[in-house]
Every structure is written in C-alpha cells, then in structure tokens.
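This is what each chain is made of:
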Amino acid sequence: MKTRQNKLTAILTALLFSVGLIWFAPVNAEAQAIILKPGEIIYGRFVTNPNSGQNCSTASVWSVGQDGSNDRLLFSNAVHPRISPDGRFIMFKRFSPSALCIPFSAGAEIWIRELATARETRIAEFTQPFGTFFTMETNRADNQIMFDTQGVVCRVNLDGTNRFCSTLGLTQANYTHPSVRGGDFLSVIASEQLTAELGGLYTFNYNLTNPQKIPNTSRHDESPSWSNDGQTLAYGFVPPPNNNPQFYADLYKINSDGSNKTRLTFLNGQPNGSPNGFRHSLVWTTNSVGDEFIFNAVNVNNVARIYKISADGSGNMSRVQITAGNAPDWVGGIVPVIGEQQVVGFGGGLTSGGSYSLVDTIGQAFAGQTSTGGSFNLQSGFWTTPVQNKKALFDFDGDGKTDISIFRPSVGEWYFQRSSNSVVNGAQFGNSTDKPIPADYTGDGKTDIAFFRPSSGQWFILRSEDSSFFAFPFGISTDIPSPGDFDGDGKTDAAVFRPSNGVWYIQKSTGGVIIQPFGVNGDRTVVADYDGDGKSDIAIYRPSVGEWYYLRSTDSQVRGAQFGSSTDKTVQGDYTGDGKADFAFFRPSTGSWFVLRSEDSSFFASPFGVSTDIPTIGDYDGDGKFDTAVFRPSNGVWYINKSNGSGVTIQQFGVGTDLPVPSYYLP
C-alpha cells in the first residue's frame, strides 16, 4: 500500500471543496505484520552454545499457544522478549555484533518492536539490564517501560526520551527484574549482593521512591512477578552461597506483606541448570484467582522446555509442547485480552460553605465517610464499564447483542435466533429481488425486518412492535440503500447513494431531506459513526486504491486513510469499544481481519475464517465491541470469535443459499 496524500487531497479538494480535510497517516497492513492470538505465550530461544563467543543473531522470539499449538518464529536477533500489556509491542535485548552473546553481560541494548509495522526503536544503549518490564501504563498513559541496569532502576519513554534512574536510596544494591502491578503501579524488584539483612525483594512507588523490603525475603530471592490480582509474588530461589546464577533451584510465592510464603516446586535445581533449573523470567497465567499457574523456561534432566507450573504449592508441572530447535530460555508474557473499566457516578452534588457531598447516586455504595482534613462525602456509587449510547446491529430481541439471522431469497423468508433465549423466530417479507436493509426504524431498541425494492424505489418496514408494516418511496432502481441514524434520534433514517452523480439522499426521521455530494461511481458505502457523536457519518470506501473517506457529522470535516485493497471486504465497526467505528476489512485470500484503531491510527490483525466465508459483523456478546464472525455457506455454520474472551461460538444456522443478515451492509 502506498501513500497517496497529494492525490487524495487533490481529489477531495475538487469534489468536496466546501469541507476541510484532515489526513490520517496511512498504515501498511501487508508488510511484516505479526498477528498474535490472545492467550499465546511469548518466549525466547537462545543461541546453541551460549558464552562461546558467537554473536546473538540466531537468538529469536517465538509465540506458542498454551496447548502447544501454532508454535512459530516471530523475529530473530533478539533475546529476553517482553510483550506490552496491550499486545502491540515487544521489548527485547539485542547485542552488538562484536559483543559476546552472554545473556546478562554488558553490551546489551534495549529495543522496542511495534508488531503491526515491524518498526524497531532502540531506547537504551550498552547497558546491563538483568530484567526488563513494561509498566502497566505502556502505550496508554505515560508510554514508559521500567528496567534495571548497573545498580539502578530506570524508567524511560518508548522512544528513548525522558530516561530517569534511581538507586532507590540503597547503597551496594544490585537490582534485578522489576515488575509493576496494575491499579496503583506499585513496583517490586530483587536486590542482590547486599548484606544478609538488607538483601531481598523490595516494593517501591512508581516514581522510584519509598523502597520497602518485603518481610521473609532474602538476597537469594530473585525475579519477582506479580500475580494477576496484584496480591501475590512468585519468585526464584537461589540456595546460599550462590548469587546471581543462570538458573534458580525452585520457585516460591509470597504475599506482598511477607505472609503466606509457599514453595511451589521441588526440583532442587543447580545454578548451572544441570540437570535441573528454572530460568529467570516468571509469567502468571490469565486464569482466574484460585486457578493460577506460572509459565517458565525450565531445565528438567538437561532438557529445556516451557512448563506450566501450578501456583497452589502442589508442585505440579506440565510441559508445553514446542517444535525442535534452540532451547527456550525466557518466557516474556502472554498475549492479552484487554478490558477496561471506569467510574461512573449518577446523582446530585450539594455545596455549602466549601463542603461538597455527592448524594443519591445510583449503585452499590463503596464510600461514605468524610475525608480526612476535608469535607468531601461520597455516599454512593459503582464501578461499571463505559456507558454505551449505541445499539447493537441486527439485534432483533433488543437485548444489546447481535442475533444470528438469515434471509432466504428463494421464498422471501427471514429467520433469527434470539440471543436472549435461543428461540428461533421467522417471517415472510419480501422476494428474491429485494435488498434487505434491517435496522431499528421505529426507535424501540429492536431491529426491524426491512427491504428496499429497486423496481419501485420503495422501502418496506416490518415493525418489531406488532408485526404491522409501512412503506414509502425513496430512491430509484440504481441507488445503493445505505441507512443509518444520521440525525441521532435513535431511529434509522432511509438513505441512498446514487453512483451516477455521487450524491447522497437522506430522509431524516426528524423531518427534512439531506442532499450531499460525497464520492464517485465505483465507491462502496460504509456508513457508521466514526466520530463517536451518536450520529451515522456519510462514508465511502474506494476499492480501486484502498482508500476510506467519511464526512464527520460533528464538524463537516472530511477524514480519510489508505487501508486495504480492491479485493478486501469492508467490515467497519467499533472493535475497540471506544464508541467510534474503526476502519476494518476482511481479506479472503488469507482469512484475516485488519482493524485500524480510531484511537491512534495503529492497526491490528487476526486470522479468522477462510476464503469462501462471508464476514458477519456485529456485537454478539454485548460487550460494546465488534466481534470477528463469519458464515460458512459450504456447511451453513456460523463461527463467532467473541471479544469478551469467552471463546468461539460455532452454530449451525441456515443453508448454503441463505444470506446472513449481518452481512447486508457490507459490499
């Protein structure tokens, strides 16, 4: 894909001179994109003969499913990888060609690789980082990582700027392996080579202040790693008198207050890993609390493999199968499924004489005392996911979830399976030459069965409320029906794009008709709410050059991006849950989905489907994010990959000649 900014600007200036253009930087979705699946393990394989003088060009970063599936090379010339919390970056160490390939020796550089673009950035040169860890806010708020080097702990931006280091106020410390927990970003690190009294695991604030030793830990405890709930730390143990070995003897866990210290393994490994030993990086699984495991690269009888280790103290270990090759020496994280929460308050505030009180808030109370030294009183509130003011597409039962549904053209019959109770409903409405346009035209929160009849230019709507119908003329036979809620009143408006003159005609449910030139013959309509104002935006995709344009309903500006090719199928929708539609396409040749994030114009991709599948967009799990989903005509089966992490739904519904309803607005 090539940048065509000058060409695009000229075209838009000529066709749409009355509006301004803001250009999105184009993204190359074809070259070197690394596609990862949630739950996969990121790990490193080291050189065949470490410490022998060879360089590290054959060291490599890999990913594998937790069940041993899809083990594959991601990129080479990299050691000790660590994936970011949002799954978009991998941090790693790289050695200069002249340096010995010794994992923890001086000469290592810290690099960041963006998986979507393969762009690499060197952020620290020739340090001695024993551990590297993305802070939990990486790529969201402060864009920083944390690492240790030569007796100090450092934070630095992803682009290498604003590096700040501290000794944490301790002398003669040799810090290794920082770990940062979510929420308050409390950090932990191991301090070696101090006196027996001072050595151990230390917590400290994210701003590198206030180090506090965790009771019941010693200088022989290393590589701490926070559990998913942020209450427990796993770490490696080195029997005295050894310090800073290549391998740990066994793994332990301990609460952050020093209580409940528990031995997790019983291998009694040796510092050189022969015959047994645990490597330096520990990664907790994403399993629920109470059913937790830790992944680690382990030598067992002189054979290095990745193991899944129970965190309940039973000593149970199971091997993750990987392909033959260089030995794994580092586990660098699990590809995440990201979900976010925010506080929402509903209620009234009263102020009097400098006092403030929040009262009558809906929800479960979680506070109610006046704050110390002040007069703020929060009486009630609750945590919730972001409030969604939009409806799920193709939601026939009004439960906020897209329903599996088909139209059978041969007999003009509709069938949908209610996601609320799995009951199948149907209706006969239309014929084989009609164009289905289901949407909520009456504003009751349920999708209405509807079609556009080209022969007469009429729209027919079957009301979900009472199964009565109404009809009206709007358009001509060659128009492309492109309905949407363009006035933001909660009701879908009839709209058509006329290719012969590149003009949109929109009949607003609030009254009046919009006539707007936007596009040329050959463009595909891709109506959606791209600016997040609750109104549908006029939008087109130009397949000849893979370009998207939309007219913002908020300020009438035109925005665009180059993303896709002529053979791709557009699947626009809100895949990230920010309330704004993302440019997206399904590539039949590879069965992959590509999504351009509305937040920052980065993109991600995931394989789901085969070349003959029909993409069926929608929010099937009701979490406010679009799911990747396909209908397979060869067997009449739906495959839905839910974004909430609950897995893949496989549902037989329809036959090969049926048309899946959630594909109707897709060219």
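Residues numbered from 1 in each chain as written. Predicted model: local features only at pLDDT ≥ 70, side-chain atom pairs only at ≥ 80, totals over all residues. Heavy atoms only, no water.

**Student:** Explain the overall build of the protein chain to me, please; I cannot follow it from the model alone.
**Tutor:** Scanning the protein chain from N- to C-terminus turns up one helix and 55 strands. Going through the 667 residues of the protein chain one by one, you find that 53% of them count as buried. Long-range pairs, those at least 24 residues apart, make up 42% of the contacts in the protein chain between residues at least 6 apart in sequence. (Helix = DSSP H or I, 4+ residues; strand = E, 2+ residues; numbered from the N terminus. Buried < 20%, exposed > 50% of the residue type's maximum accessible area, 1.4 Å probe, protein only. Contact = heavy atoms within 4.5 Å.)

**Student:** Is there a simple way to explain the state of the cysteines in this structure?
**Tutor:** Among covalent bonds in proteins, the disulfide is the one between the sulfur atoms of two cysteines. For the structure on display, the rule yields one disulfide. Residue pairing for Cys 154: its cysteine sulfur links by disulfide to Cys 165, the two sulfurs lying 2.0 Å apart. Between Cys 154 and Cys 165 the sulfur-sulfur dihedral comes to about 105°; the bridge is accordingly right-handed. Within this pair, whereas Cys 154 is found in strand S11 (residues 152–157), its partner Cys 165 is found in strand S12 (residues 164–166), the two being separated by 11 residues in sequence. With relative accessibility at 32%, the residue Cys 165 sits in the partly exposed group. (Disulfide = S-S within 2.5 Å.)

**Student:** Explain the environment of Gly 160 to me, please; I cannot follow it from the model alone.
**Tutor:** Among the secondary structure elements, Gly 160 is positioned in the loop between S11 and S12. Looking at Gly 160, the relative accessible area reads 27%, which means it is partly exposed. For the pair Gly 160 and Gln 144, spaced 16 residues apart in sequence, the C-alpha to C-alpha distance is 9.0 Å.

**Student:** Just checking my understanding: could you explain the pattern of salt bridges for this structure?
**Tutor:** Working definition: two side chains of opposite charge can pair if their charged atoms are close together. In total, this model carries 14 salt bridges according to the counting rule given. Ionic pairing is found between Arg 45 and Asp 71, a salt bridge with its closest N-O pair at 3.0 Å. Of this pair, Arg 45 sits in strand S2 (residues 41–45) while Asp 71 sits in the loop between strand S3 (60–64) and strand S4 (72–76); the two residues are 26 residues apart in sequence, bridging distant segments of the chain. Measuring nitrogen to oxygen at the nearest pair gives 2.7 Å for the salt bridge that ties Asp 658 to Arg 408. In this pair, Asp 658 sits in the loop between strand S54 (648–652) and strand S55 (659–660) while Arg 408 sits in strand S32 (residues 404–408), placing the two residues 250 residues apart along the sequence. For Asp 658, a relative accessible area of 2% puts it in the buried group. If you follow the salt bridges from partner to partner, you end up with Arg 94, Arg 113 and Glu 120 in one network. (Salt bridge = Lys/Arg side-chain N within 4 Å of Asp/Glu carboxyl O.)

**Student:** Would you mind going over the sheet that holds S3 with me for this structure?
**Tutor:** Paired through their backbone hydrogen bonds, the strands of a sheet run either parallel or antiparallel. Read from one edge of the open sheet, four strands run S4-S3-S2-S26, paired in antiparallel fashion. The open sheet terminates on both sides in strands that have one partner only, identified here as S4 and strand S26 (328–334). Within this sheet the neighbouring strands show an average axis-to-axis angle of 25°, counted without direction. Two strands pair when backbone bridges link them, and S2 and S26 are joined in this way by four bridges, in the antiparallel orientation. Paired with Ile 41 across the strands is Ile 334, a residue of S26. (Pairing = 2+ DSSP bridges. Axes fitted to C-alpha atoms, helices over the stretch in contact; angles between N-to-C directions.)

**Student:** Got a minute to help me understand the packing of aromatic side chains in this structure?
**Tutor:** Two descriptors summarise a pair of aromatic rings, namely the distance from one centre to the other and the angle between the planes of the rings. In this structure the tally under the stated criterion is 28 aromatic pairs. Here the aromatic rings of Tyr 235 and Tyr 252 are separated by 6.0 Å at their centres, their planes lie at 15°, and the arrangement is stacked. With a gap of 17 residues between them, Tyr 235 in strand S18 (residues 232–237) and Tyr 252 in strand S19 (residues 250–255) connect regions that are remote in the sequence. Here Tyr 235 and Tyr 252 have matching classes, each one buried. Look at Phe 563 and Phe 603: their rings are 5.9 Å apart centre to centre, the planes differ by 65°, and that puts the pair in the edge-to-face class. Placement of the pair is Phe 563 in the loop between strand S46 (558–562) and strand S47 (569–570) and Phe 603 in strand S50 (residues 603–607), with a sequence separation of 40 residues. Each member of the pair Phe 563 and Phe 603 is classed as buried. An aromatic cluster of three or more residues is present, and its members are Tyr 441, Phe 452, Trp 459, Phe 470 and Phe 472. Positioned above the aromatic ring of Trp 62 is the side chain of Arg 45, whose terminal nitrogen or guanidinium carbon lies 4.0 Å from the ring centre. Positioned above the aromatic ring of Tyr 206 is the side chain of Arg 155, whose terminal nitrogen or guanidinium carbon lies 4.3 Å from the ring centre. (Phe/Tyr/Trp six-rings, centres within 6.5 Å; stacked < 30°, edge-to-face > 60°. Lys NZ or Arg CZ within 6 Å of the ring centre and 35° of its normal.)

**Student:** Explain the nonpolar core to me, please; I cannot follow it from the model alone.
**Tutor:** Most often, soluble globular proteins keep nonpolar side chains buried together rather than apart. In this structure, Tyr 530, Trp 548, Phe 563, Phe 583 and Phe 603 are the most contacted members of the largest nonpolar core, which totals 17 residues. For this core, the secondary-structure elements that each account for two or more residues are strand S44 (538–542), strand S45 (547–551), strand S48 (583–587), strand S49 (592–596) and S50. (Core = buried A, V, L, I, M, F, W, Y, C linked by side-chain atoms within 4.5 Å.)

**Student:** Explain the side chain of Ser 536 here, please?
**Tutor:** The residue Ser 536 is located in the loop between strand S43 (524–525) and S44 in this model. Given the relative accessible area of 14%, Ser 536 is considered buried. Not counting chain neighbours up to four residues away, the residues in contact with Ser 536 comprise Gly 484, Asp 485, Phe 486, Val 527, Ala 528, Asp 529 and Ser 553.

**Student:** When you look at the pairing of S11 in this model, what are you seeing that I'm missing?
**Tutor:** Consecutive side chains along a regular strand alternate between the two faces of the sheet. Judged by how many residues are buried, S11 sits mostly within the fold: six of six residues are covered. In S11, alternate side chains face the same way, and those of Val 152, Cys 154 and Val 156 on one face and Val 153, Arg 155 and Asn 157 on the other are all buried. Relative to S11, strand S10 (residues 144–149) is paired through six bridges, and the arrangement is antiparallel. If you follow Gln 144 over to S11, its bridge partner there is Asn 157. In terms of strand pairing, S11 meets S12 through three bridges, oriented antiparallel. Across the sheet, Cys 154 pairs through a bridge with Cys 165, a residue of S12.

**Student:** Can you walk me through the sheet that holds strand S35 (residues 435–436) in this structure?
**Tutor:** Taken in spatial order, the four strands line up as S35-S36-S37-S38 in an open sheet, and their pairing is antiparallel. The outermost strands of the open sheet, each flanked by one partner alone, are S35 and strand S38 (469–473). Of the strand pairs in this sheet, S35 and strand S36 (residues 449–453) are connected by two bridges, and their pairing is antiparallel. Across the sheet, residue Lys 435 finds its bridge partner in S36, namely Phe 452.

**Student:** When you look at the pairing of S36 in this model, what are you seeing that I'm missing?
**Tutor:** The buried count for S36 comes to four of five residues, which makes it a mostly enclosed element. With five bridges connecting them, S36 and strand S37 (residues 458–462) associate as antiparallel partners. Across the sheet, the residue bridging to Ile 449 is Leu 462, located in S37. Taking the residues between adjacent antiparallel strands as the criterion, S36 and S37 are bridged by four residues, where Gly 457 takes a positive phi near 70°.

**Student:** Can you walk me through the confidence of the model for the protein chain in this structure?
**Tutor:** One rule of thumb: low pLDDT means the predicted coordinates there are not for detailed reading. On average, residues of the protein chain carry a pLDDT of 81, and 78% of them reach 70 or more. Scored below 50 in pLDDT, residues 136–142 shows 27 contacts in the model against residues more than four places distant or in partner chains. Confidence drops under pLDDT 50 across residues 338–389; counting only partners more than four residues distant or on other chains, this segment forms 80 contacts. (pLDDT = per-residue confidence, 0-100.)

**Student:** What am I meant to see in the side chain of Asp 582 here?
**Tutor:** Among the secondary structure elements, Asp 582 is positioned in the loop between S47 and S48. Despite its burial, Asp 582 pairs with no opposite charge, the nearest such side chain being Arg 597 at 7.6 Å. In this structure the side chain of Asp 582 is engaged in a polar contact, spanning 2.8 Å, whose partner is the backbone nitrogen of Tyr 575. Look past the residues within four positions of Asp 582 in its chain and what remains in contact with it is Gln 572, Gly 573, Asp 574, Tyr 575, Thr 576, Val 595, Leu 596, Arg 597, Ser 598 and Glu 599. (Lys, Arg positive; Asp, Glu negative; His and termini not counted. Polar contact = N/O pair within 3.5 Å; in protein donor to acceptor, adjacent residues only side chain to side chain.)

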